[in-house]
Amino acid sequence: MNAPDRFELFLLGDGEKKITEQVFTGMSNTSDFIMLKEDHTLGNLISEHLKKAPNVLMAGYKIAHPNVPEVLIRIQTDGSVTPREALLKCCKDLVQMYAKLGREFQKELALRQYADQGDQANNNGNNNSGQGHGGF
């Protein structure tokens, strides 16, 4: 079968770099970033977040072939920052945003579990009080 082993789709091999930059000479202040072992999930997330940056003129991604786990992200800036700086800021912003989301989720989960424990204690207290519930 021609399909690669599943682990080859996400583990870097010896000597492989996760991200490489190639300056795109066709447009000013533009670079292509090739991200190995990634797919639409990260390509779309990063390119859409980059489009919100005030100093990014253009951002987009493509995947050359569905069986090749690599994403090309092209970034053009206004020149006040380099495409590399824009990508780094984007990634840092996303890490902070998802860390905050994780903290908020854990907080809400803990509150929900605490509330559920209170509900269970109330239900157990009602069942032990001698009041019948019609067999339920």
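Residues numbered from 1 in each chain as written. Predicted model: local features only at pLDDT ≥ 70, side-chain atom pairs only at ≥ 80, totals over all residues. Heavy atoms only, no water.

The protein carries the name DNA-directed RNA polymerase in an unreviewed UniProt entry, which gives Lasiosphaeria hispida as its organism. UniProt's Subcellular location (unreviewed entry) comment on the protein is quoted here verbatim: "Nucleus". (UniProt positions renumbered as here; feature names shortened; annotations may be inferred.)

Colleague: What is the right way to read unusual backbone geometry from this model?
Modeller: Phi is mostly negative for residues that are not glycine, and the peptide bonds are mostly trans. A positive phi angle, near 50°, is found at Asn-29, a position not held by glycine. As for its placement among the helices and strands, Asn-29 is situated in the loop between β1 (19-23) and β2 (30-36). Judged by relative accessible area, Asn-29 falls into the partly exposed class, the value being 37%. The phi dihedral of Lys-37 falls on the positive side, at around 60°, and the residue is not glycine. Lys-37 sits in the buried class, given a relative accessible area of 16%. (Helix = DSSP H or I, 4+ residues; strand = E, 2+ residues; numbered from the N terminus. Buried < 20%, exposed > 50% of the residue type's maximum accessible area, 1.4 Å probe, protein only.)

Colleague: Which parts of the structure should I look at to understand the sheet that holds strand β3 (residues 56-62)?
Modeller: Across a sheet, strands are paired by hydrogen bonds formed along the backbone, either parallel or antiparallel in direction. The sheet built from four strands is open, its strands ordered β1-β2-β4-β3 with antiparallel pairing. Unpaired on one side and paired on the other, β1 and β3 mark the two borders of the sheet. When the angles between neighbouring strand axes are averaged without regard to direction, this sheet yields 20°. Both β2 and strand β4 (residues 70-77) contribute to a ladder of seven bridges, which runs antiparallel. Within β4, the residue paired with Phe-33 across the bridge is Ile-73. Lying over the sheet, helix α1 (residues 40-51) contacts β2, β3 and β4, oriented at roughly 170° with respect to β3. (Pairing = 2+ DSSP bridges. Axes fitted to C-alpha atoms, helices over the stretch in contact; angles between N-to-C directions. Contact = heavy atoms within 4.5 Å.)

Colleague: Got a minute to help me understand the pattern of salt bridges in this structure?
Modeller: For side chains of opposite charge, pairing can occur when their charged atoms come near one another. Enumeration according to the criterion identifies seven salt bridges in this entry. In this structure, Glu-21 engages Arg-84 in a salt bridge whose closest nitrogen and oxygen atoms are separated by 2.9 Å. In this pair, Glu-21 is assigned in strand β1 and Arg-84 in helix α2 (residues 83-127), connecting sequence segments 63 residues apart. The exposure class of Glu-21 is partly exposed, given its relative accessible area of 29%. In this structure, Lys-100 engages Glu-104 in a salt bridge whose closest nitrogen and oxygen atoms are separated by 3.9 Å. Residue Lys-100 and its partner Glu-104 are located together in helix α2, separated by four residues, close to a single helical turn. Of the residues examined, Lys-100 reaches a relative accessible area of 46% and is grouped as partly exposed. Judged by relative accessible area, Glu-104 falls into the partly exposed class, the value being 42%. (Salt bridge = Lys/Arg side-chain N within 4 Å of Asp/Glu carboxyl O.)

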